[in-house]
Amino acid sequence: MQAEQIREMSEADIRARLAELEEERFRLKFRGATETLEDPLRLRAIRKDIARLQTVLRELVLAGESATRASGAR
């Protein structure tokens, strides 16, 4: 998932996708502890996608805070 694709999503969609990936990461880590994974590099891809989602979500939150401050300062 590319950052451009994430930026096109709404905040609610980003949060939903983040929850899905966290759940998938948990299941893969759990399964990886008990057996060998079919695609062990999937964990790395999931971690990177989670980081991208969190980064864009943080940008949205900060942009919302700065917009609120700018309108409140008038």
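Above this text sits the structure in question.
Let me sum up the structure you'll find in this document. (Residues numbered from 1 in each chain as written. Predicted model: local features only at pLDDT ≥ 70, side-chain atom pairs only at ≥ 80, totals over all residues. Heavy atoms only, no water.)

Topic: the environment of K29
In step 1: Turning to its location among the elements, K29 is positioned in helix α2 (residues 11-34).
In step 2: Look at K29 and you get exposed, because its relative accessible area is 54%.
In step 3: Separated by 15 residues in the primary sequence, K29 and R44 place their C-alpha atoms 11 Å from one another. (Helix = DSSP H or I, 4+ residues; strand = E, 2+ residues; numbered from the N terminus. Buried < 20%, exposed > 50% of the residue type's maximum accessible area, 1.4 Å probe, protein only.)

Some thoughts on α2
In step 1: With 24 residues, α2 extends 35 Å between its outermost C-alpha atoms, agreeing within 8% with the 34 Å of an ideal straight helix rising 1.5 Å per residue.
In step 2: Buried within α2 we find I14, L18, L21 and L28.
In step 3: In this structure, the buried side of α2 is in contact with α1 (3-7) and α3 (41-72). (Expected span 1.5 Å × (residues − 1). Contact = heavy atoms within 4.5 Å.)

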